[in-house]
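Reading the structure
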Protein chains: 2
Amino acid sequence: MTQRLPGTLESVGEFGLVAALTARFAQGSDVVLGPGDDAAVVRVQGGEVVASLDMSVQGRHFRLDWSTAADIGHKAAAQNLSDINAMGGRPTALLVGLGAPPDLDTAWALEFADGLAEEASMLGASVVGGDLTRADAITIAVTVLGVCEHGVVRRSGAHPGDVVALAGRQGWADAGYAVLARGFRSPRVVVDAHRRPAPPYSAGPEAASLGATAMIDVSDGLLQDVGHLATASGVAIDIESARFEVAEPLQAVGAALGVDPRRFVLTGGDDYCLVAAFPPHVTLPPTWRPIGRALRREAAGTVTVDGADYADSAGHQHFR
Amino acid sequence: MTQRLPGTLESVGEFGLVAALTARFAQGSDVVLGPGDDAAVVRVQGGEVVASLDMSVQGRHFRLDWSTAADIGHKAAAQNLSDINAMGGRPTALLVGLGAPPDLDTAWALEFADGLAEEASMLGASVVGGDLTRADAITIAVTVLGVCEHGVVRRSGAHPGDVVALAGRQGWADAGYAVLARGFRSPRVVVDAHRRPAPPYSAGPEAASLGATAMIDVSDGLLQDVGHLATASGVAIDIESARFEVAEPLQAVGAALGVDPRRFVLTGGDDYCLVAAFPPHVTLPPTWRPIGRALRREAAGTVTVDGADYADSAGHQHFR
């Protein structure tokens with residue numbers, strides 16, 4: 001399946017690589033005009049497009065000795081697709097910028113592209129365009145476009161009394177990071193969760209159709225991202241720790257590394273699970289597990305665990 | 001006007017800088033939801049969105065000793081807005097990724113943002129979202145969204161017999177680059193053209209409404225980009241050099257540096273002028289100057305100057 005294109009980015013050149021890359025990006029039914037022109041054209045139903053852009057930098061967001069090119073492609077797509085999920089939407093198209101050193105093997109770029117396209121195609125989204133340039137470190141910029149067929153769910157609509165619920169795995173990627181950072185490669189299931197997150201893609205549109213009042217995806221850390229939702233909504237949120245089942249692999253990592261595994265769940269990011277608020281009368285399907293409640297507005301933006309501050313609630317700050 | 005935010009990206013932190021940045025991005029009438037959520041929501045008329053992504057890297061696409069932060073912001077916006085222009089469209093929204101070293105002065109980032117937003121606002125487009133991350137070199141990724149109210153003009157529709165015409169300045173930015181590369185700072189008018197290109201923004205939609213059959217913007221070099229249009233359309237194109245008036249500042253630079261100033265016009269990029277093909281019966285307004293003609297398909301993709309190969313037609317290859 002993999003087209004052979006031996007050489008480095010420098011020896012193959014920009015146009016050769018672009019041709020090889022675009023040849024492997026299948027175009028779905030939402031695409032009017034795919035790669036190869038000055039811009040792509042994507043069908044938009046409902047008169048509104050949802051759009052988000054994320055960057056990842058080698059050494060900071062990924063490491064070539066921890067993840068394969070395909071892993072990095074899957075993750076770059078997943079973190080962007082997750083942003084559309086968090087609006088209650090369905091992603092339709094991705095634009096991908098790749099900055100890379102001239103001596104990078106073209107096989108790396110092609111495997112990266114395959115991983116990215118594979119993740120996108122799970123949701124019927126297509127890679128419709130992008131840019132390729134020279135950079136000292138591998139730098140990835142992905143823009144994702146989508147449509148919200150069940151309405152847009154912002155961060156800002158939660159009311160006191162709303163049930164706060166979570167969809168997807170949480171804490172697994174952070175446990176995987178902890179393992180990799182100590183030089184280990186197992187348990188494989190958490191290492192894989194770090195390498196290729198598995199966001200709960202269907203849960204976003206589901207929440208929108210259930211009448212979710214606010215939603216966010218957890219990319220920086222559960223308590224931090226719940227804090228963003230609380231601040232935007234002007235509510236406080238209390239998380240009930242008894243609602244979390246700490247999965248066996250997280251317990252194993254906690255025991256091996258001598259850390260409380262609840263920390264992975266409460267402060268970890270990178271699983272791209274969703275947190276949403278629902279009016280109390282909504283009957284939640286099994287996808288959505290209640291984990292807390294939105295409270296009175298006097299302490300807006302505050303997130304507590306079992307009614308108290310959580311000691312280690314600092315999340316990911318990109319310049320610190 | 002400029003909000004004070006003393007310090008570096010590291011001392012201010014991601015969230016502090018994002019707050020200061022988003023506060024200065026005015027939101028136009030096409031914006032349903034601007035910065036601050038998981039994704040932005042932009043109104044799309046006609047059921048199709050046009051989208052393009054470009055990256056720029058410090059030292060490769062811009063130099064901090066040649067251009068101010070505001071210049072770099074203007075140019076990053078211009079090169080993306082130009083892609084929508086080249087489809088015959090009107091840009092509505094930009095998403096901006098900025099990778100930057102932690103010791104970068106926040107004033108630089110704010111001035112960059114102001115330049116970017118100023119260029120976009122000339123066309124009524126808004127900066128609706130983005131990402132900020134740490135990187136060793138300043139790395140800019142911009143995605144632009146737009147709508148084509150007069151229909152989409154691709155690169156691929158030119159027919160033999162079509163008139164090939166140009167809108168905007170061509171060769172000025174390349175003359176400016178030549179001047180800067182030799183350590184000079186004048187003539188100021190070409191140096192400014194390199195720092196802040198002035199794309200012919202109204203010409204793209206105008207060409208679409210006139211019935212242009214194909215269009216491209218000149219970013220890498222006139223002959224090279226005309227070659228892309230010729231290849232996509234399956235035609236040959238002959239450029240008539242007598243059609244070009246080599247402007248006085250270009251002649252001055254040519255004389256000072258001992259080079260043929262026609263070279264700036266024929267191989268220069270970065271002015272973001274437009275080249276379009278029109279059926280021969282179309283009466284062109286003064287915006288569009290005929291520069292050549294599309295010819296029989298036997299030599300598809302070939303670009304000649306006055307019927308012959310041009311010696312120095314190599315354009316910009318990003319990895320060579």
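Residues numbered from 1 in each chain as written. Chains lettered and ligands numbered in written order. Predicted model: local features only at pLDDT ≥ 70, side-chain atom pairs only at ≥ 80, totals over all residues.

**Focus: unusual backbone geometry**
For the bond running from A:S186 to A:P187, omega is 5°, close enough to zero to count as cis. With respect to the helices and strands, A:P187 occurs in the loop between α5 (172-181) and α6 (188-195). A positive phi is found at B:D270, a non-glycine position, where the angle reads about 70°. Mapped onto the fold, B:D270 is located in the loop between α10 (262-267) and β10 (274-278). (Helix = DSSP H or I, 4+ residues; strand = E, 2+ residues; numbered from the N terminus.)

**Thoughts on the sheet that holds strand β7 (residues 163-167) of chain A**
Residue and element names in this part refer to chain A. What the 6 strands build is an open sheet, ordered β8-β10-β7-β11-β9-β12; its pairing is mixed. Unpaired on one side and paired on the other, β8 (214-217) and β12 (303-305) mark the two borders of the sheet. Neighbour to neighbour, the strand axes of the sheet diverge by 25° on average, direction disregarded. In terms of strand pairing, β7 meets strand β11 (residues 289-295) through 4 bridges, oriented antiparallel. Bridging from a neighbouring strand, L166 pairs with R289 of β11. Here helix α8 (residues 222-233) sits on the sheet in contact with β8, β9 (236-239), β10 (274-278) and β12, set at roughly 150° to β8. (Pairing = 2+ DSSP bridges. Axes fitted to C-alpha atoms, helices over the stretch in contact; angles between N-to-C directions. Contact = placed C-beta atoms within 7 Å.)

**With respect to the interface of chain B and chain A**
Each partner contributes residues to the interface: chain B has 55 residues there, and chain A has 55 residues. Partitioned by chemical class, the residues of the side of chain B that touches chain A number 27 nonpolar, 12 polar and 16 charged. Bridging between strand β2 (residues 40-43) of chain A and strand β3 (residues 48-57) of chain B involves 4 bridges; their strand directions are antiparallel. Residue A:V42 lies in a different strand from β3(B), and its bridge partner there is B:V49. (Nonpolar A, V, L, I, M, F, W, Y, C, P; charged D, E, K, R; others polar.)

**Section: the packing of helix α5 (residues 172-181) of chain B against helix α6 (residues 188-195) of chain B**
In a packed pair of helices, the relevant descriptors are the angle between the two axes and the axis-to-axis distance. All names here are of chain B. Here α5 crosses α6 at 105°, and the two axes come no closer than 7 Å. On the basis of the axis angle, α5 is roughly perpendicular to α6. Of the residues in α6, those touching α5 at W172, A173, A175, G176, Y177, V179 and L180 are V190, V191, A193 and H194. Considering only residue class, the contact of α5 with α6 consists of 9 nonpolar, 2 polar and no charged. (Parallel < 35°, antiparallel > 145°, perpendicular 65-115°, else oblique.)

**Description of the sheet that holds strand β8 (residues 214-217) of chain B**
Residue and element names in this part refer to chain B. Judged by pairing direction, the sheet is mixed, and its 6 strands sit side by side in the order β8-β10-β7-β11-β9-β12 without closing on themselves. Each end of this open sheet is capped by a strand with a single partner; those strands are β8 and β12 (303-305). Across the sheet, the mean angle from the axis of one strand to that of its neighbour is 25°, orientation sign disregarded. Sheet analysis places strand β9 (residues 236-239) next to β12, joined by 3 bridges and oriented parallel. Residue I237 lies in a different strand from β12, and its bridge partner there is V303. Helix α7 (residues 203-210) contacts β7 (163-167), β8 and β10 of the sheet and is inclined by roughly 5° relative to β10.

**Overview of the relation of the copies chain B and chain A**
Once turned by 180° and shifted 0.0 Å along the axis, chain B lies on chain A with an RMSD of 0.0 Å. Viewed as a symmetry operation, the transformation between the two copies matches a two-fold axis. In this assembly the copies share their binding face: 100% of the residues contributing to the interface of chain B also contribute to that of chain A. (Least-squares fit on C-alpha atoms with pLDDT ≥ 70 in both.)

**So, the domain arrangement of chain A**
Residue and element names in this part refer to chain A. When the domains of chain A are assigned, the result is domain 1 (9-147) and domain 2 (163-305). Relative to domain 2, the C-alpha centre of domain 1 lies at a distance of 26 Å. At the interface, 17 residues of domain 1 touch 18 residues of domain 2. Here the side of domain 1 that touches domain 2 gets 9 residues from one element, more than from any other, and that element is helix α3 (residues 69-85). Residue composition of the side of domain 1 that touches domain 2, grouped by class: 6 nonpolar, 7 polar and 4 charged. (Domains from an automatic or database assignment.)

**Considering the environment of B:V44**
Summarising the element assignment, B:V44 is placed in the loop between β2 (40-43) and β3. As for B:V44 and B:L145, which are separated by 101 residues in sequence, their C-alpha atoms are 9.3 Å apart. Contacts of B:V44, omitting those with residues within four sequence positions, involve A:V44, A:G47, A:E48, A:V49, B:V49 and B:V147.

**Looking at the environment of B:P205**
Residue and element names in this part refer to chain B. Looking at the secondary structure, you find P205 in helix α7. Residue P205 is classed as buried on the basis of its 21 C-beta neighbours within 10 Å. Along the primary structure P205 and A181 are separated by 24 residues, whereas in three dimensions their C-alpha atoms are 35 Å apart. Ignoring sequence-local partners within four residues, the contact set of P205 consists of G88, G89, R90, E149 and H150. (Buried ≥ 20, exposed ≤ 12 C-beta atoms within 10 Å, placed from the backbone.)

**A few points about helix α7 (residues 203-210) of chain A**
Residue and element names in this part refer to chain A. Across the 8 residues of α7, 7 count as buried, placing the element largely inside the fold. Within α7, the full set of buried residues consists of A203, G204, P205, E206, A207, A208 and L210. Structurally, α7 contributes buried residues whose contacts are with α3, β4 (90-100), β7, β8 and β10.

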